[in-house]
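Here is what each chain is made of, one letter per residue.
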Amino acid sequence: MLGTLGPLGFTLALLVVAALAGFLGSLTGLGGGVVITPALTLLFGIDLRYAIGASLVSAIATSSGAASAYVREGYSNVRIGMFLEVATVFGALAGAALASRVSTSVLGVILGLVLLQSAWLSGQHHEDKVEATSSDPLAVRLRMDGEYPTAQGMRPYPVQRVKAGFALMFGAGAISGLLGIGSGSLKVIAMDRAMRIPFKVSTTTSNFMIGVTAAASAGVYLNRGYIDPQLVMPVMLGVLAGSLGGARVLTGASTKVLRWVFAAVVGFMAVQMIVAGVRGKL
Amino acid sequence: MDRLIGGLLRGGVILSSAVTLAGGVWRFLQAGSVMPHDRVFLGEPAGLRSVGGVLRGVAEGHSESLIQLGLLILIATPIARVAFSVYAFAVAGDRTYVIITLIVLAALAASLAGWQL
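Chains are numbered independently. Their residues run from 1 in the order of the written sequence. Chains carry letters from A onward and ligands carry numbers from 1 onward, assigned in written order. Local features in a predicted model are, by the rule used here, given only for residues with pLDDT of at least 70; side-chain atom pairs are given and counted only at 80 or more, and totals for whole chains, interfaces and linings are based on all residues.

### Structural notes on the overall build of chain B
Consideration 1: Only DSSP runs of H or I covering at least 4 residues are called helices, and only runs of E covering at least 2 are called strands; the numbering of each starts at the N terminus. The secondary structure content of chain B amounts to four helices and zero strands.
Consideration 2: Shown N-terminal to C-terminal, the secondary structure of chain B runs as helices and strands in the order α-α-α-α.
Consideration 3: Around each residue's C-beta, the other C-beta atoms within 10 Å are counted; 20 or more make the residue buried, 12 or fewer make it exposed, and counts in between make it partly exposed. All C-beta atoms are placed from the backbone. The buried share of chain B, taken over its 117 residues, is 40%.
Consideration 4: Here contacts are defined at the residue level, using C-beta atoms placed from the backbone and a cut-off of 7 Å between them. For chain B, restricting intrachain contacts to residue pairs at least 6 apart in sequence, the fraction spanning at least 24 positions comes to 57%.

### Section: the overall build of chain A
Consideration 1: Counting its secondary structure elements, chain A contains 11 helices and two strands.
Consideration 2: The buried share of chain A, taken over its 282 residues, is 60%.

### With respect to helix 3 (residues 63–91) of chain B
Residues and elements named next belong to chain B.
Consideration 1: Here helix 3 is 29 residues long and its end C-alpha atoms lie 41 Å apart, about the 42 Å a rise of 1.5 Å per residue gives.
Consideration 2: Counted residue by residue, helix 3 has 21 buried out of 29 residues, so it is predominantly covered.
Consideration 3: One or two residues past the end of helix 3 sits Gly93, with phi positive at roughly 70°. Expected helix span is given by 1.5 Å per residue-to-residue step, counting one fewer step than there are residues.

### Describing the interface of chain A and chain B
Consideration 1: The interface of chain A with chain B comprises 49 residues on the first partner and 52 residues on the second.
Consideration 2: Listing elements by their share of the side of chain A that touches chain B, those giving two or more residues are helix 1 (7–28), helix 3 (48–70), helix 4 (78–99), helix 9 (199–224) and helix 10 (229–250) of chain A.
Consideration 3: Ranked by the residues each element gives to the side of chain A that touches chain B, the list is headed by helix 4 of chain A, at 11 residues.

### Side note on the environment of Ser26 of chain A
All names here are of chain A.
Consideration 1: Relative to the helices and strands, Ser26 resides in helix 1.
Consideration 2: Residue classification places Ser26 among the buried residues on the basis of 24 C-beta atoms within 10 Å.
Consideration 3: A sequence separation of 246 residues divides Ser26 from Gln272, and the C-alpha atoms of the two residues are 23 Å apart.

### Describing the packing of helix 4 of chain A against helix 7 (residues 162–179) of chain A
Residues and elements named next belong to chain A.
Consideration 1: Fitted lines through C-alpha atoms serve as axes, helices being fitted only where they are in contact, and the angles separating the N-to-C directions of these axes extend from 0 to 180 degrees. Across the interface, helix 4 lies against helix 7 with an axial gap of 6 Å and an inter-helix angle of 35°. Helix-helix and strand crossings are classified by hand; for helix 4 and helix 7 the assignment is right-handed.
Consideration 2: Each residue gets one of three labels, nonpolar for Ala, Val, Leu, Ile, Met, Phe, Trp, Tyr, Cys and Pro, charged for Asp, Glu, Lys and Arg, and polar for the others, Gly among them. Residues belonging to the contact of helix 4 with helix 7 are distributed by class as follows: 17 nonpolar, eight polar and no charged. In this scheme the crossing of two helices becomes right-handed for a clockwise turn of the near helix relative to the far one and left-handed for an anticlockwise turn of less than a right angle.

### With respect to the confidence of the model for chain A
Consideration 1: Predicted confidence across chain A gives a mean pLDDT of 83, with 87% of residues reaching 70 or more.
Consideration 2: What pLDDT expresses is the predictor's confidence in each residue, scored from 0 to 100. Looking over chain A, one finds the lowest element-wise mean pLDDT in strand 1 (residues 146–150) of chain A, namely 80, and the highest in helix 4 of chain A, namely 93.

### A look at unusual backbone geometry
All names here are of chain A.
Consideration 1: Positioned with a positive phi, Arg143 is a non-glycine residue whose angle comes to about 45°.
Consideration 2: Tracing the backbone through its elements, the reader meets Arg143 in the loop between helix 6 (137–141) and strand 1.
Consideration 3: With a phi angle near 30°, Arg161 is a residue other than glycine that sits in the positive phi range.
Consideration 4: On the neighbour-count criterion, Arg161 (18 C-beta atoms within 10 Å) is partly exposed.

### Observations regarding the pairing of strand 2 (residues 153–157) of chain A
In regular strands, side chains alternate between the two faces of the sheet.
Residue and element names in this part refer to chain A.
Consideration 1: Two strands make a pair as long as DSSP finds a minimum of two bridges between them. Here strand 1 runs beside strand 2; their pairing, made up of five bridges, is antiparallel. In the sheet register, Pro149 faces strand 2, and the bridge partner there is Met154.
Consideration 2: Count of turn residues in the strand 1/strand 2 antiparallel hairpin: two residues.

### Some remarks on the packing of helix 2 (residues 51–59) of chain B against helix 3 of chain B
Each packed pair of helices is defined by two parameters, the angle between the axes and the distance between the axes.
Residue and element names in this part refer to chain B.
Consideration 1: It is at 8 Å that the axes of helix 2 and helix 3 come closest, and there the two elements cross at 135°. Put simply, helix 2 runs oblique to helix 3. For the pair helix 2 and helix 3, the crossing hand works out as left-handed. Between helix 2 and helix 3, the residues in contact are Val51, Val54, Gly57 and Val58 and Ser65, Leu66, Gln68, Leu69 and Leu72, respectively.
Consideration 2: Of the residues belonging to the contact of helix 2 with helix 3, the class tally is six nonpolar, three polar and no charged. Just so you know how the angles are binned, under 35 degrees is roughly parallel, over 145 roughly antiparallel, 65 to 115 roughly perpendicular, and the rest oblique.

### So, the environment of Ala241 of chain A
Residue and element names in this part refer to chain A.
Consideration 1: The topology assignment puts Ala241 in helix 10.
Consideration 2: By the C-beta count within 10 Å, which is 18 here, Ala241 ends up partly exposed.
Consideration 3: Sequence spacing of Ala241 and Val265 is 24 residues, and the spatial spacing of their C-alpha atoms is 20 Å.
Consideration 4: Setting aside residues no more than four positions away along its own chain, Ala241 makes contact with Ala19 and Gly22.

Below, the structure is given as structure tokens:
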């Protein structure tokens, strides 16, 4: 579609699209990375493997950029994050190893399904309700229980089903390595639903983990030659600038309508990816 | 401690963006008319695939290698954060988490060095 542009125009178009994705992604909390791969393949006709490499590097950029702000607020739980990173990092290495053995059509279909899940998650309403039950014995032994700031002061929370969370995290890591996304929405599911960690703690801890998970697969993708400097440069810089801009606007802006719009865009791209994958056009 | 980690992450991202941007501008001054070849997958040349190759390329003055160096700094940022956590847990005397964090760190280092499952 945009294939007729010259080299400078091509780079600038990538920059603009990536900035828009990063802006909307951070404004809606979905993360800009999820739409980078479909945008690059569907709009620019870039090979899926190069697009995955670019998306992966952007995920590291946005995660690190956002984490530097979150880390001081006291939401993220470093113990839980580090423990679960064992699962996501090895999952990512397994996923990245698998990526070279799976056809791009199959990758496209899986990406479409993950995008649909992200869009669905963003439409859900979340309430932080801490049921005052006791923790999983394993969580106690690993001293995972924490507390987080609320309007009523610091509030302690227990941690449930550590093993289930760990297994789900391996899956989230594998998806991340396979598709080059942060798979933040899957990580949030594992922590929020399985381990019953408060939503705000789940999202910030997930964000902290995305960069580390993506760095694990990025090494594999780099060695395999999937990371093209000319392509990644505008995409990474665009997503970073866009998401920093989005984070600045976030306070005060009504994001409800935007969330729906962006969820619809993600859902539409998901269907397009699945169709393109099924038709073998990736 | 948290402020240090925040600073480390921000510094890594800023440095990486600056190096990547410089490489990109240089690239266009050097070879503005070369069209990206991303529609067909060929894989990057060997010099852009490994840490050593990228460093050699930068020393030889290739603009693409400089962009890639910026990306390597970005990849290294979360790894540096994990390394820093090893230190933080060690200072706190938390042996279990020193081991957990070292496992993560080793896997990351192996991946960047080219080891694959």
